[in-house]
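Overview (structure and organization)
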Amino acid sequence: MSPGYVELFYLVATALFIFSLHWMNDPKTARRGVAAGAAAMFLGVAATWAQPFVVNHGWMVLAVVLGIAVGYPLSRVALTAAPQRTALSHAFGGLAAALVGTGKYYLWLSEGPEELTTFRMVAIIAEVILGCITFTGSLFAAGKLQELRWIPQRPVTYPLQNVFNIALLLVAVGIGTWLALNPATPEAAFLFPVVIVIALMFGILLIVPIGGADMPTVIAILNSYAGLAAVAMGFVLENNLLITAGALDGASGLILSIIMCKAMNRSYLNVLFGAFGSAGQTAAQEGGEQGEYKADTPQSAALIMEQSTNVVIIPGYGMAVAQAQHRVRELYDHLKKRGVTVRFAIHPVAGRMPGHMNVLLAEADVPYGDLVEMDDVNRDMPQCDVALVIGANDVVNPAAALDDSSPIYGMPIIEARKARTIFAIKRSMNPGFAGIENALYFDDKTWMLFGDAKHVVGEIVKELSGDAGTG
């Protein structure tokens, strides 16, 4: 294929990537967006493969087969594991960038040192550092999300931690700068692996002090790192499509992480270096006297909800863990049949990845028009008869609005406390990811429904359908 046709295909693929992002802004066109992104990737790979310099087609076929062997099982995981899958995808992208940068450096070093210009070396160093950080950081993020035993879920901190981490990164950047200015010296071949090792270590150390409460934002940040690594890789390979696709990926990830930081009233740096949800904060919060909570039954909740006019359902990660979204849809249907207005209040950081609740509810075919953003639903919450909290915790915690000593003070929340009656489904009274006790669950208007969310919602549905006595 001639270079002109290759660039034409790259241009079409770039346009499809842009349209893909645009179409995924709306659930009605999201499928079209996914298809456009896949088509763009196919065009990019096909056009690159068709270029004359690609002669080892056997390796290309092997790479495609291995990619399918890994990618297909990942595509079949449950939506509850989507955050882990997303983190693994970022890890693979970062590893690919780091391997390409490393391969290119040693290839040029042995065959054509004159090719190692300062500009190319800057791109290679950026690609390798960002790729390695993304690789190990994403693997540890996936491990935290999967709750692997050997990876601590709570933040791990130690004295001068941030100073040490930043110093480590500066050492890697300093060595990289020297390599960029002296790329073909005998010392360079030995210092290059040092940069790789430091970057891999930094990726781990970056994630270790970050708690589960910040995982949605961390996933978005790692997405931006993977995109920036792809941009650098595009400069190394002189591939325009990689540059544009990586820029789109990096920019969208950065914008999303900023939006999520705003939703938590936290700064970007505080998420990365604040060790939010540490053991000390947990103990401090649990030390206060909250009073007594009141337990109730699904049958009682069903009776109150069917007599209501306005019900707001607030989903959280507990719904995802229990895979209760289809039962929630049944509850929605039964209440709507009784003339009850039902809406879903969606907090931007509910769950463990951006848009987690939206994806789960979309899978259950919940009408998108009944998914309401936090600011809109808060205005109507005083007129809400029942707020049903399903596995959510920090995003409805009144401490964010009422307790200026709380670590989450100032974080925008769904103001469930203003509803006339609150039902909260939880497995236990343990605090959420932030490790902070939730005063909402001790409120006089709150009734606790203990158990697996799928089972509890199923019992409410059974009562509403009149099948409670037929089991």
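Here goes a summary of the coordinates provided. (Residues numbered from 1 in each chain as written. Predicted model: local features only at pLDDT ≥ 70, side-chain atom pairs only at ≥ 80, totals over all residues. Heavy atoms only, no water.)

1. What about the sheet that holds strand E5 (residues 421-426)?
Our working definition: Only strands joined by at least two bridges in the DSSP assignment are considered to pair. Numbering of helices and strands starts at the N terminus; helices are DSSP runs of H or I of at least 4 residues and strands are runs of E of at least 2. Every axis corresponds to a line fitted to the C-alpha atoms, with the helix fit spanning only the stretch in contact, and the corresponding angles, defined between N-to-C directions, vary from 0 to 180 degrees. Residues are treated as being in contact if the distance between any of their heavy atoms lies within 4.5 Å.
Spatial ordering of the open sheet is given by E3-E2-E1-E4-E5-E6, a layout of six strands whose pairing is parallel. In this open sheet, the two strands that pair with only one neighbour each are strand E3 (371-373) and strand E6 (446-450). On average, adjacent strands in this sheet sit at an angle of 25° to one another, irrespective of strand direction. Alignment of strand E1 (residues 310-315) against strand E2 (residues 341-346), held across four bridges, turns out to be parallel. Pairing of Val312 across the sheet is with Arg343, part of E2. On the sheet, helix H12 (residues 298-306) packs against E1, strand E4 (386-390), E5 and E6 and is oriented at approximately 140° with respect to E4. Across the face of the sheet, helix H14 (residues 325-337) comes into contact with E1, E2 and E4 while running at roughly 145° to E2.

2. A look at the environment of Asp26
We apply this condition: Exposure classes here rest on a 1.4 Å probe applied to the protein chains alone. A residue is buried below 20% of its type maximum, exposed above 50%, and partly exposed in between.
Relative to the helices and strands, Asp26 is located in the loop between helix H1 (3-23) and helix H2 (30-49). We classify Asp26 as partly exposed; its relative accessible area is 33%. For the pair formed by Asp26 and Tyr317, sequence separation is 291 residues and the distance between their alpha carbons is 23 Å.

3. Observations concerning the packing of helix H6 (residues 161-181) against helix H7 (residues 186-207)
Our working rule: Under this scheme an angle from 65 to 115 degrees is roughly perpendicular, one under 35 degrees roughly parallel, and one over 145 degrees roughly antiparallel; angles in between are oblique. In this scheme, a crossing is called left-handed if the near helix is turned counterclockwise away from the far one by less than a right angle; it is called right-handed if the turn is clockwise. Three residue categories are used. Nonpolar comprises Ala, Val, Leu, Ile, Met, Phe, Trp, Tyr, Cys and Pro, charged comprises Asp, Glu, Lys and Arg, and polar comprises the others, including Gly.
Look at H6 against H7: their axes get within 9 Å of each other, and the N-to-C directions meet at 155°. Judged on the interaxial angle alone, H7 and H6 are roughly antiparallel. The handedness of the crossing between H6 and H7 comes out as left-handed. On H7, the residues touching Phe164, Asn165, Leu168, Leu169, Val171, Ala172, Ile175, Gly176, Trp178 and Leu179 of H6 are Glu187, Ala188, Leu191, Phe192, Val194, Val195, Ile198, Met201, Phe202 and Leu205. Residue classes in the contact of H6 with H7 are distributed as 17 nonpolar, two polar and one charged.

4. Brief notes about the pairing of E5
A large share of E5 lies buried, amounting to six of its six residues. Burial of the side chains of E5 extends over both faces: Thr421, Phe423 and Ile425 are buried on one face and Ile422, Ala424 and Lys426 on the other. Sheet topology note: the E4/E5 ladder contains five bridges and is parallel. Bridge pairing links Leu388 to Phe423 in E5. As paired elements, E5 and E6 share five bridges and run parallel to each other. In the sheet register, Ile425 faces E6, and the bridge partner there is Leu449.

5. Observations concerning the nonpolar core
Rules: We define a nonpolar core as any set of buried Ala, Val, Leu, Ile, Met, Phe, Trp, Tyr and Cys residues linked to one another through side-chain atoms lying within 4.5 Å. Start and end positions for the domains come from either an automated domain assignment or a database one.
Core analysis: the biggest nonpolar cluster contains 77 residues, and Ile124, Ile314, Val389, Val396 and Tyr441 have the highest contact counts within it. A total of eleven residues in this core trace back to one element, the largest contributor, which is helix H5 (residues 118-146). Formed jointly, this core draws a minimum of three residues from each of two domains, domain 1 (81-274) and domain 2 (291-470). Judged by nonpolar contacts, the second largest core, of 37 residues, contains Ala320, Leu331, Tyr332 and Val457.

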